[in-house]
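Residues per chain are reported as follows:
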Amino acid sequence: MTTSRPAFRAGLFAALPIVLGYAPIAFSFGVAATRAGLTGAEAVMLSVVIYAGASQFLALALVTSGAPALVAAFTLIAMNVRHVLYGPALMRQAGSGASRRHAWAWAWGLTDEVFGQALGALARGQRFSESYMFGLGLAAYMAWIGGTAAGAWAGGGALDRWPAVSAGLGFMLTALFLALLLSVLSRATLRPVAVAALACTAGSLALSPAWGILAGMLGGALAGLLRR
Amino acid sequence: MSGGLILMAVLAGAANWAFRALPTILMRREARPGGLAARFLAATGPAAMATLFVAALLPELAPAPKAPVPLLAGLAATVLAFLPRRSVVAATLSGALAYGLAFAVMSAG
C-alpha cells in the first residue's frame, strides 16, 4: 500500500472537478431544504449522514409529503443499491496486491463521481493507494457538506443575478461524467458503454430516470459477460 | 431536530455505508481472470460512467433541447480539452467554462 502525503494531496487535487461540481448542487440542496421547512442544521445533518445527492432531494419530497420515516428510508436505500458494485469493480482494477485495510473509512466516500475518478486514474496507469482515496473522498465530502451549509445559509436566489455562472456550474457534472467516460473508454469497453447508454436512454424515456440508471448500469455490466 | 428525520437519515446513511464499504471489505478473493465475475466487474465501471453521463445529458435534450448551442460548446470543449493530456480536471473545467460563456453569448444576443 502507498500511504503517503503526496498520494493524499494528489487525491485532494484530483477531486477538484468533483468539488466544483458538488458545491453548486449541494448549495441547491441547502436552499431547497430550507425552503421545504427544514432548519439549516437539519439540512447539513442530511448531507453529513446520507451523503447521496439524488436521495437527499428525494428525502425532501418524502418528508414534505408526510411519508413515514421508515417508508422514506427504504425508498432512499433502494435508490443507492448500485453502489454495491463500485468497491469490487475498483479493487479488481487495482489488482491483487491492493490494500483495503482502511476501506471501512474511505469507502464511505465512494460516490458515483469519486468511483469514476478513481477508476479513471487506475485506467491511466496510476497505482492504487488508500491515501489517494482518502484525499479524493474527503475533498468531495467536505464540498458536499460545505455547499449544503452555504445554501441553507444564503437561501434562494443567490445565483439569480449570475445566470451564465449558474448555467456553467450546472453543466459541471455532465462535463465531469463525460471526461470520466473518456478516461475509461477503450476498444474493450465499447460494448458495455454502448449498451449502457442505450438502456439508460430507453429506461429513462419509457419509465423514469431512476429506472434508466438501473437499466443502464445492469445492462452495460451484463454486456461485459458476452465474449467477443 | 425531528426524530423521524434523524431516523430516516441514519437508516439511509447506514445502508449507503454498507453498500459502499461492505462489498470491498468482505471481498475475500479476486475474481478469476476471464471468469464471469471478473468480466462483469470490469464492465461495471465503463457502464456506470456511460449511464451517469447519459442520465445527466437527457434532461438537457428531452422533451425538447434546452440550450443546444451551450450544450454543444460544453461537450466539444470537454472532449477537446481531454485529448491532449487526458486530464479529467482540465476537461471538466473547460467544458463548464465553454458552456457558461456560450450561455452568456446566447443570452446577450
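So, how was this worked out
Residues numbered from 1 in each chain as written. Chains lettered and ligands numbered in written order. Predicted model: local features only at pLDDT ≥ 70, side-chain atom pairs only at ≥ 80, totals over all residues. Heavy atoms only, no water. Helix = DSSP H or I, 4+ residues; strand = E, 2+ residues; numbered from the N terminus. Rg over C-alpha atoms; globule rule 2.2 N^0.38 Å. Buried < 20%, exposed > 50% of the residue type's maximum accessible area, 1.4 Å probe, protein only. Contact = heavy atoms within 4.5 Å. Areas by Shrake-Rupley, 256 points an atom, 1.4 Å probe, with all protein chains shown as cover. Expected span 1.5 Å × (residues − 1). Arc of directions from axis to C-beta. UniProt positions renumbered as here; feature names shortened; annotations may be inferred. Buried area = accessible area lost by both parts, 1.4 Å probe. Polar contact = N/O pair within 3.5 Å; in protein donor to acceptor, adjacent residues only side chain to side chain. 1 Å grid on protein atoms, 1.4 Å probe; cavity = no way out; pocket = protein on both sides within 12 Å on 5 of 7 lines; lining within 4 Å. Points joined across faces, edges and corners; volume = space filled by probe spheres on them. Nonpolar A, V, L, I, M, F, W, Y, C, P; charged D, E, K, R; others polar.

(A) Main features of the overall build of chain A. In terms of regular secondary structure, chain A is built from 13 helices and zero strands. In chain A, the order of α-helices and β-strands from amino to carboxyl end is α-α-α-α-α-α-α-α-α-α-α-α-α. The C-alpha radius of gyration of chain A comes to 18 Å, within 12% of the 17 Å expected for a compact globule of 228 residues. Oriented by its inertia axes, the alpha-carbon framework of chain A measures out at about 50 × 45 × 40 Å. Residues classed as buried in chain A amount to 50% of the 228 residues present. Looking at chain A alone, contacts between residues at least 24 apart form 77% of all its contacts between residues at least 6 apart. A total of about 9800 Å² of accessible surface is found on chain A, and carbon and sulfur atoms cover 67% of it.

(B) Here's a closer look at helix H12 (residues 190-206) of chain A. The first and last C-alpha atoms of H12(A) sit 24 Å apart over 17 residues, in line with the 24 Å expected at 1.5 Å per residue. When we look at burial in H12(A), the residues that qualify are Pro192(A), Val193(A), Ala196(A), Cys200(A), Gly203(A) and Ser204(A). In an axial view of H12(A), the angular spread of the buried residues amounts to 110°, which keeps them on one side of the axis. Looking at H12(A), the residues exposed on the side facing more than 90 degrees away from the buried face are Leu198(A), Leu205(A) and Ala206(A). Contact partners of the buried residues in H12(A): helix H11 (172-184) and helix H13 (209-223) of chain A together with helix H2 (36-61) of chain B.

(C) Seen up close, the UniProt feature "transmembrane region" (unreviewed entry) in chain A. Residue and element names in this part refer to chain A. Sequence positions flagged by UniProt for "transmembrane region" (unreviewed entry) are, in local numbering, residues 57-81, 132-153, 165-186 and 193-226. Strand forms 0% of residues 57-81 and helix 80%; the C-alpha atoms that close the span are 17 Å apart. Taken as a whole, residues 132-153 contains 100% helix and 0% strand, while its terminal C-alpha atoms sit 32 Å from one another.

(D) Examining the UniProt feature "transmembrane region" (unreviewed entry) in chain B more closely. Residues and elements named next belong to chain B. Mapped onto this numbering, the UniProt entry annotates "transmembrane region" (unreviewed entry) at residues 36-58, 67-83 and 89-108. Annotated as 100% helix and 0% strand, the span residues 36-58 places its first and last C-alpha atoms 31 Å apart. Helix and strand shares over residues 67-83 are 94% and 0% respectively, and the end C-alpha atoms of the span are 25 Å apart.

(E) Fine view of the interface of chain A and chain B. Contacts between chain A and chain B engage 85 residues on the former and 66 residues on the latter. Interface area, chain A with chain B, both sides summed: about 6600 Å², of which 79% is carbon and sulfur. Contact with chain B buries surface across chain A, with Arg92(A), Arg100(A) and Phe171(A) losing the most and accounting together for 10% of the total. For the pair chain A and chain B, the interface holds nine residue pairs in polar contact (both at pLDDT 80 or more). For the side of chain A that touches chain B, the element with the highest residue contribution is H11(A), accounting for twelve residues.

(F) Here's a closer look at the layout of surface pockets. When its volume is computed, the second largest pocket comes out at roughly 480 Å³. Lining the second largest pocket are 25 residues, with Ala188(A), Thr189(A), Arg39(B), Ala42(B) and Ala43(B) positioned closest to its centre. Residue assignment for the lining of the second largest pocket shows that the elements contributing at least two residues are helix H6 (86-94), helix H8 (112-123), H11 and H12 of chain A together with H2 of chain B. For the lining of the second largest pocket, the element with the highest residue contribution is H2(B), accounting for seven residues. Tallied by class, residues from the lining of the second largest pocket come to 14 nonpolar, six polar and five charged.

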